[in-house]
Structure formats: structure tokens, C-alpha cells
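For reference, the chains in residue letters:
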2 protein chains.
Amino acid sequence: MGLSNITVLRKREIVKAFYQTAVKEGLEGTSIAKIAKTLEIQPSLIVHYYKSKDELITALIDHCLELYLKIFEESYSSKNDPRAMLVALINRMFSKDWNDLFDDGVYYSAYAMVFREPAFREKFSKIHKTLREQLSDLLEKCDQSGEINCENPSLTANRIFFLLDGTYFFINMLSTQKEQNEHLKQSKLLAFEMLGLK
Amino acid sequence: MGLSNITVLRKREIVKAFYQTAVKEGLEGTSIAKIAKTLEIQPSLIVHYYKSKDELITALIDHCLELYLKIFEESYSSKNDPRAMLVALINRMFSKDWNDLFDDGVYYSAYAMVFREPAFREKFSKIHKTLREQLSDLLEKCDQSGEINCENPSLTANRIFFLLDGTYFFINMLSTQKEQNEHLKQSKLLAFEMLGLK
DNA sequence: CTATTTATTGAACGACCATTCAATAATTTG
DNA sequence: CAAATTATTGAATGGTCGTTCAATAAATAG
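Parameters at a glance
Residues numbered from 1 in each chain as written. Chains lettered and ligands numbered in written order. Predicted model: local features only at pLDDT ≥ 70, side-chain atom pairs only at ≥ 80, totals over all residues. Heavy atoms only, no water. Helix = DSSP H or I, 4+ residues; strand = E, 2+ residues; numbered from the N terminus. Buried < 20%, exposed > 50% of the residue type's maximum accessible area, 1.4 Å probe, protein only. Contact = heavy atoms within 4.5 Å. Areas by Shrake-Rupley, 256 points an atom, 1.4 Å probe, with all protein chains shown as cover. Least-squares fit on C-alpha atoms with pLDDT ≥ 70 in both. Salt bridge = Lys/Arg side-chain N within 4 Å of Asp/Glu carboxyl O. Core = buried A, V, L, I, M, F, W, Y, C linked by side-chain atoms within 4.5 Å. UniProt positions renumbered as here; feature names shortened; annotations may be inferred. Phe/Tyr/Trp six-rings, centres within 6.5 Å; stacked < 30°, edge-to-face > 60°. Lys NZ or Arg CZ within 6 Å of the ring centre and 35° of its normal. Near = heavy atom within 4 Å. Polar contact = N/O pair within 3.5 Å; in protein donor to acceptor, adjacent residues only side chain to side chain. Nonpolar A, V, L, I, M, F, W, Y, C, P; charged D, E, K, R; others polar.

## Some details on the overall build of chain A
Alright, step 1. Across its full length, chain A carries 10 helices and 0 strands.
Alright, step 2. Shown N-terminal to C-terminal, the secondary structure of chain A runs as helices and strands in the order α-α-α-α-α-α-α-α-α-α.
Alright, step 3. Taking the principal axes of the C-alpha coordinates as reference, chain A spans close to 55 × 45 × 30 Å.
Alright, step 4. A buried classification covers 48% of the 198 residues belonging to chain A.
Alright, step 5. When contacts within chain A are restricted to residue pairs at least 6 apart in sequence, those whose partners lie at least 24 apart make up 67%.
Alright, step 6. Roughly 10,000 Å² of accessible area belongs to chain A as shown, and the carbon and sulfur atoms make up 50% of that amount.

Written as C-alpha cells, this is what we have:
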């Protein structure tokens, strides 16, 4: 049997509307009724597809991971040697591209939920881990082909990630776009430095 | 005239109850009624002291800043030369002390609000800036007395902070306490390295 | 001690919340 | 085409929300 076409479509549509509404109203401020209004359907229809609000949030986190993973895929497919892939990836990670992928307010709200709901923590941890492993794998490839010198790819990937996490947390505390861009650039240089590139 | 003694006490008491409740129920899940229940008073009494929920949140953010600033003060007063102060400070910043000061869930929820409410952004930015400046001032003192070599104290302070922000964001994605401690230690070493200490 | 201000209670308001349920419309299956 | 399943509506439920208001208790001021 499986899910019919319309089921998959509706579910995706609902998650998208959930995200859109959450951008405006905040993740916790977004009710099922508001999502329904965005889609011009009845609230009960949303409940028909997602049995609870927690299920909706889980789906939203999954959606978020998909978006981030796409950047990895794109960086891989656009180049053909490991070094060029790595440079392309780092360039995208430390750019507006990456930051604009998912609304900051929604992202940090979801992150905050991790501390109260173990299921969300597991979900979020998995995203983070998947992304780190993706980078680690690429670093290992670059090391093996002699492009970079990286003794411990996993550790280096982790370091790049806490530079990344810290940078985005930090730049949102700066008032002007100019300052933000400046710091983003700074961090990117630091990342390349850590990798022994450029 | 000014605020009477009982006013100051009650207001502080309410903010504390707000925090306690938010730790359990989440920042956005904490209603005025729940705070009132925690204190065993009427909801309307809370409204008497804080005209709106936003005022309450603002007070909570202020309370948070006070806590963090205290760590700076303590680090300063416990030692008498700049270098010892700096070492003491970095040690505390990259330790459970710092992390346990304020609940992570509440902290990141408040941070997330910054993206929807400009008043909160201003407030939060100010906290962050104040802390960075405190560190920058200390770095400058250390540089002048020749304890460390720091050309641009402000930039270095910023770098320490995005290492700090990133580290705490990152370690909460790790499952075991052991892994978390390991990474915290790693980051602390990196911080000392960045400062040319140890 | 009286008048005034402040603290506190308790009830009430309309708005919105997540969730349930039965009824109807559309689609799929046999 | 008929039966069964799925999609969708619309109304209803009990609960909580932030906020308002008038009444009472306590504290302060003159």
C-alpha cells in the first residue's frame, strides 16, 4: 500500500507552512491553527497527517537537515578533485548561503527544545553528527590524496564545526551587516588556516 | 520616594521563580499563571510588578548578565596580577562553572527571541558586548604589563568568545558527559594557545 | 490616629490552544 | 459500477493564556 502521492505532498506542504509561519511567529508561537490558516485548510486536517505537535517539530528538524546536506552534495558534485570540493564547501559554510538556509530564530528555538525533550536532542544530535562526519570523510580523502596534511580528520572536522557554530552565534550579536560580514570573513580565513589551505 | 524594600524583593523573587519555572517548562512554555503557582500568589500580583510578559523576559535577561559578570568579578578579586586573573578567568569560562550558571534551554530560547523582537536583540547584544569588553580590557592590561603578547585585544577577545560560544553549542550535541568534558578541555587548551599562555 | 498609598486577592474577560468526532466529499480498489 | 478507503470539513470540548478590575488587607505618611 504505502503512502499515496497526495499524502506525501500534503505532509511536505504542511511542514513548509509550519516553517514559514514559525519564521514570522516563532517556533513555539506557531499553533496548528495558524499553520492551517496559512494553507487555508482546517486544523483537523493537519492533525490527520501529524498526530501531535511533536511529530510536526520532528518533521521540521528533518527538513532542516535535508537542506544542510544539500550544500554538501552541491559542493561535491560541482568539483571533481577532493581539494576543490573542500575549498568549495568551506567557502559555502562560511557564507550567507549557509546562514540563510534556515531561519536563525527557528533554528535556535529548536535547539533550545533539545534540553527539555530527549527525542529532539537525539534528532538534533544526529543532524550535527551527520554533518561532522560528512566533513570528516572529505578531510580524510584530502589527506590520503596528499592535498592537505590532516592527522586526525574527525578532530579537525569537530574544530571546524565549533568555529562555525560559534561564528554564527557570535555574528548575530553584532548590529551592522558590515560587521557581520567582516567577522564571517575572519572566521573563514581561520578555517582555511586550520586546514593548512591558502 | 523610590521603590520600597518589598517591591525590590518581590520583583527579584518573581524573576527567580520565572527562571525556575522556565527551566522545567521552557521559556515560552512558562506562563504568568505558572510563575504565580510557583510562588503561591495570584497571577494579577505579577502583573502588578511587571506590566507585561516582555518586561519579565527583559528582567530575566538582566538577571542572566549579572550572573556572568559575577564570574569576571570573582576572577579579578581572587588574584592580584593580571596574568593570574586572566588564567583564572579562562579556566572558569571553559568549565562547568560557566555552563551551569544559566540553564542552556532557557538561554538559547532567549537567544532565539532576539530574531523576532528588536528590544531583546538590543538587550542580548549588550550582554555579549559587555562580556567581550571585560575580557578585552583584561587582555590589554596583560599586554601592557608584558604578560602576554596581544596586538589587538578586542579582536583576540572576540576570537575567544566565538570559541566559547561554539564550544558550548557543540558539546551539547555530544551524548556522554565524558565526551563533553573532553571537548571542553580541548577548547580550553586552544584558548590558552590563542593567548600564548602555557 | 487618620488619610493615603501600596500590596494582594479573587473573579471575570475574550482569545486562542491542541485535540476529538461525526459528517461529507473525493479517490482508490476490486 | 459498487464498496472500501482516504481526504477534508466544520463544529465542539475543556483548558490555558494574558490582561483587566474592583474589593480588601497591609503598610506608610502626615
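On we go.
## Points about the relation of the copies chain B and chain A
Alright, step 1. Least-squares fitting of chain B to chain A yields an RMSD of 0.0 Å, with the superposition described by an axial translation of 0.0 Å and a rotation of 180°. Here the transformation between the copies is reduced to the relation of a two-fold axis. For chain B, the smallest separation between a C-alpha atom and the rotation axis is recorded for Gly-166 of chain B, amounting to 1.7 Å.
Alright, step 2. The fraction of interface residues of chain B whose copies in chain A are also interface residues reaches 100%, indicating that both copies meet through the same surface.

## Side note on the pattern of salt bridges
Alright, step 1. Inspection of the entire model under this criterion finds 12 salt bridges over all chains.
Alright, step 2. Here Asp-97 of chain A and Arg-92 of chain A are joined by a salt bridge, their closest N and O atoms 2.8 Å apart.
Alright, step 3. Taking the relative accessible area as the measure of exposure, Asp-97 of chain A reaches 38% and is therefore partly exposed.
Alright, step 4. With a shortest N-O distance of 3.3 Å, Glu-25 of chain B and Lys-34 of chain B are connected by a salt bridge.
Alright, step 5. Connected via shared salt-bridge partners are Glu-74, Arg-92 and Asp-97 of chain A.

## Brief notes about the nonpolar core
Alright, step 1. Core analysis: the biggest nonpolar cluster contains 137 residues, and Leu-86 of chain A together with Leu-86 of chain B have the highest contact counts within it.
Alright, step 2. Every residue in contact with Leu-86 of chain B, bar those within four places of it in the chain, is listed here: Leu-135, Leu-138, Leu-139, Cys-142, Ile-148, Leu-195 and Leu-197 of chain B.

## So, the UniProt feature "DNA-binding region" (unreviewed entry) in chain A
Alright, step 1. Here the UniProt-annotated "DNA-binding region" (unreviewed entry) positions come out as residues 31–50 of chain A.
Alright, step 2. Structurally, residues 31–50 of chain A is divided into 75% helix and 0% strand, and its ends, taken at the C-alpha atoms, are 13 Å apart.

## Points about the packing of aromatic side chains
The description of an aromatic ring pair uses the distance of the two centres, along with the angle that the planes make with each other.
Alright, step 1. On inspection of all chains with the given rule, the structure shows 34 aromatic pairs over all chains.
Alright, step 2. A ring pair is formed by Tyr-107 of chain B and Phe-124 of chain B, whose centres lie 5.4 Å apart and whose planes are at 55°; its orientation type is tilted. Residue Tyr-107 of chain B is found in helix α7 (residues 104–113), and its partner Phe-124 of chain B is found in helix α8 (residues 118–144); the two are separated by 17 residues along the sequence. Phe-124 of chain B carries the same exposure label as Tyr-107 of chain B, and that label is buried.
Alright, step 3. Its end group placed over the ring of Tyr-50 of chain A, Lys-11 of chain A keeps NZ or CZ at 4.9 Å from the ring centre.

## Observations regarding the protein's contact with DNA strand D
Alright, step 1. Residues in contact with DNA strand D amount to 19 residues; listed here are only the nearest, Thr-7, Ser-44 and Tyr-49 of chain A together with Ser-31 and Ile-32 of chain B.
Alright, step 2. Within the contact set of DNA strand D, a phosphate oxygen lies 3.1 Å away from a side-chain nitrogen or oxygen of Gln-42 of chain A.
Alright, step 3. Note that a phosphate oxygen of DNA strand D is positioned 2.5 Å from one of the side-chain N or O atoms of Ser-31 of chain B.
Alright, step 4. Among the elements of the structure, α1 (5–25) and α3 (43–49) of chain A together with α2 (32–39) and α3 (43–49) of chain B are those that each provide at least two residues to the surface near DNA strand D.
Alright, step 5. When residues in the surface near DNA strand D are grouped by element, the largest group, 4 residues, is from α3 of chain A.

## Let's talk about the protein's contact with DNA strand C
Alright, step 1. The environment of DNA strand C is made up of 18 residues, and the closest members are Ser-31 and Ile-32 of chain A together with Thr-7, Ser-44 and Tyr-49 of chain B.
Alright, step 2. Close to the protein, within 4 Å, the atoms of DNA strand C are drawn from sugar and phosphate at a rate of 63%.
Alright, step 3. One of the backbone nitrogen or oxygen atoms of Ile-32 of chain A is found 3.0 Å away from a phosphate oxygen of DNA strand C.
Alright, step 4. Between DNA strand C and Tyr-49 of chain B, the relevant distance is 2.9 Å, taken from a phosphate oxygen to a side-chain nitrogen or oxygen of the residue.
Alright, step 5. Among the elements of the structure, α2 (32–39) and α3 of chain A together with α1 (5–25) and α3 of chain B are those that each provide at least two residues to the surface near DNA strand C.
Alright, step 6. With 4 residues, the single largest contributor to the surface near DNA strand C is α3 of chain B.
Alright, step 7. A per-class count over the surface near DNA strand C returns 7 nonpolar, 8 polar and 3 charged.

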